[in-house]
Structures are given as C-alpha cells and as structure tokens.
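Descriptive analysis of the structure
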Amino acid sequence: MGEADRRRADVLVNGLYAEYGRSVLLFVTRLTGDRSGAEDIVQETLVRAWKHADDLVEDKGSVLGWLLTVARNLVADRARARALRPLELGDIAEHSRIHGDHSESVVNTMMLGDALRQVSAAHRDVVVELYYRGRSVTEAARELGVPPGTVKSRLYYALRALRTLISVPGP
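1. Structural notes on the overall build of the protein chain
When helices and strands are counted, the protein chain shows nine helices and zero strands. Going from the N terminus to the C terminus, the protein chain shows its helices and strands as α-α-α-α-α-α-α-α-α. A total of 171 residues make up the protein chain; the buried ones form 32% of that total.

Given below as structure tokens:
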C-alpha cells in the first residue's frame, strides 16, 4: 500500500467512524453488554475497514452492513476464544446477562433501515404500506392514491433496489 493509498484509507476510516461509529458501538454494546469491550471491537472493525478500504469505496453494497457484519463476527470470535479458557470470577456475572443471540435480527433491521432511507419516497411508501402496515395491494393503492398496478410496479423496483443496497461485500 503506497503513501497515497494509506492517506486515502485514513480519510475513509475517519469518515466511516464519523458516520457509522456510534451505530456500530451501540450495536456491539447491545450484543456484549460491555461498553469497554465494545469500544475495542469498534476499533478492530475500523482497522479491518482500513485494510479493506478498496472494497468499501467501490460501491459493492451497504457500508454499514459490512461494518456490522465484521463487528458481529469479532464478537463471535471473542466469545469462542473466551469459551476455550476457564471461567474467571468476573466472567460468571457476564455469562448470566446473556439471554440469546439476537444479533442477526439487529443487523438486518439496521441494514434495512439504512437501505430504505436510500430508495425513493414512492418506493419506500409502498414497502411501508405492504410490509410494515400489512396492507393488501388494493388497500395500499387506496392509501397512496395510485392504481394497484402502480403499487405492484413500485414494489418490484423497490425490492430490486433494496436487494442491491443490502448486498454485503465479504470482509
């Protein structure tokens, strides 16, 4: 990596931290229940983003999704490493706080929210009416003031755009 590439990666990581650092920290803190450990994982996530800067700037998918996936994998790696060593007194209290892993659901919700903010308002409205409010095509058409065929067409293009936005490049 040349000096210019390093500077470009540094600028990218600083921008990622400014834009997504808080979201990733909240996500990891929810997963682990440990703010201090979460900060370490966010730092390691950004180091990996720095190493893969070229992948993140080529518009291959959701950057937030990539960051959350890397962070979730780091949490899992730490949990596996901790499971291989004997429990210490401090770890016993920590284990009692864990009530299941809902990380995938949190990641999916955050990625979908991020993607929905990026599609047009017309497409977002159709998705919200049909999937979040549970309306039929006819009901959504009436609510939005458009023909049912328009609702179907907008849904098709909305789902296509969301699939593109949510696709996550590998770490």
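2. What about the side chain of E129?
With respect to the helices, strands and loops of the structure, E129 is situated in helix α7 (residues 121-132). Judged by its relative accessible area of 4%, E129 is buried. A polar side-chain atom of E129 sits 2.5 Å from a polar atom in the side chain of R133. If near-sequence neighbours (up to four positions away) are discounted, E129 is found in contact with G134, R135, A140, E143 and L144.

3. Side note on helix α9 (residues 148-166)
Turn by turn, an α-helix covers 3.6 residues, leaving residues three or four places apart pointing in a common direction. The first and last C-alpha atoms of α9 sit 26 Å apart over 19 residues, in line with the 27 Å expected at 1.5 Å per residue. All of the buried residues along α9 are V151, L155, A158 and L162. Down the axis of α9, the buried set is contained in an arc of 75°. They therefore lie on one face. Opposite the packed face of α9, turned more than 90 degrees from it, sit the exposed residues K152, R163 and T164.

4. Comments concerning the packing of aromatic side chains
The tally for this structure, following the rule as stated, stands at one aromatic pair. Both rings, one in Y156 and one in Y157, keep their centres 4.9 Å apart while their planes meet at 85°; by these two values the pair is edge-to-face. Judged by its relative accessible area of 48%, Y156 is partly exposed. Judged by its relative accessible area of 41%, Y157 is partly exposed.

5. Structural notes on the environment of L155
Checked against the element boundaries, L155 lands in helix α9. Residues within four places of L155 in sequence aside, it is in contact with V126, V127, L130 and Y131.

6. A word on the environment of M110
Take M110: it is sitting in helix α6 (residues 103-118). Judged by relative accessible area, M110 falls into the buried class, the value being 18%. In this structure the C-alpha to C-alpha distance between M110 and L64, which are 46 residues apart in sequence, comes to 8.2 Å. Those residues within four positions of M110 in sequence are excluded, and the remaining contacts are S23, F27, L64 and L68.

7. Some thoughts on the pattern of salt bridges
One pass over the full model with this rule turns up four salt bridges. Among the salt bridges present, the one from E44 reaches R48, with a minimum N-O distance of 3.2 Å. Of this pair, E44 and R48 both sit in helix α2 (residues 35-51), four residues apart, which is roughly one turn of the helix. A residue is classified by how much of its surface remains accessible, and R48, at 30% relative accessible area, is partly exposed.

8. Overview of the side chain of T45
In this structure, T45 sits in helix α2. Apart from residues no more than four positions distant in its own chain, T45 is found in contact with W66, L67, V70, A71 and L74.

9. What to know about the packing of helix α1 (residues 3-32) against α2
Taken N-terminus to C-terminus, the directions of α1 and α2 make an angle of 150°; their axes are 8 Å apart at the nearest point. The handedness of the crossing between α1 and α2 comes out as right-handed. Residues R6, A9, D10, V13, L16, Y17, V24, L25, V28, T29 and T32 of α1 form the contact with α2, whose participating residues are R35, A38, E39, I41, V42, L46, A49 and W50. Grouping the amino acids of the contact of α1 with α2 by side-chain chemistry returns 13 nonpolar, two polar and four charged.

Definitions and limits used
Every chain's residues receive numbers from 1 upward, in the order its sequence appears when written. Only residues with pLDDT of at least 70 are given local features in this predicted model, and only at 80 or more are side-chain atom pairs given and counted; all residues enter the totals for whole chains, interfaces and linings. Excluding hydrogens and water, the side-chain values take into account all heavy atoms of the structure. Helix and strand assignments follow DSSP, with helices taken as H or I runs no shorter than four residues and strands as E runs no shorter than two, numbered in order from the N terminus. Only protein chains enter the accessibility calculation, which uses a 1.4 Å probe. A residue is then buried if its area is under 20% of the maximum for its type, exposed if over 50%, and partly exposed in between. Here a polar contact means two N or O atoms within 3.5 Å. Within protein one must be a hydrogen donor candidate and the other an acceptor candidate, and residues neighboring in sequence count only if both atoms are side-chain atoms. What makes two residues a contact is simply this: any of their non-hydrogen atoms within 4.5 Å. Multiplying one less than the number of residues by 1.5 Å gives the expected span of a helix. As used here, the arc is the angular range of directions from the helix axis to the C-beta atoms. To pair, rings of Phe, Tyr and Trp, with the six-membered ring standing in for Trp, must have centres within 6.5 Å; the planes then decide the type, stacked if under 30 degrees apart, edge-to-face if over 60, and tilted in the middle. For this document, the term salt bridge refers to a Lys or Arg side-chain nitrogen within 4 Å of an Asp or Glu carboxyl oxygen. In this analysis, axes come from line fits to C-alpha atoms, helices being fitted only over the stretch in contact, and the angle between any two N-to-C directions falls in the range 0 to 180 degrees. It is the rotation of the near helix from the far one that decides the hand of a crossing: anticlockwise by less than a right angle makes it left-handed, clockwise makes it right-handed. Only Asp, Glu, Lys and Arg are considered charged in this grouping, and only Ala, Val, Leu, Ile, Met, Phe, Trp, Tyr, Cys and Pro are considered nonpolar; every other residue, Gly among them, is considered polar.

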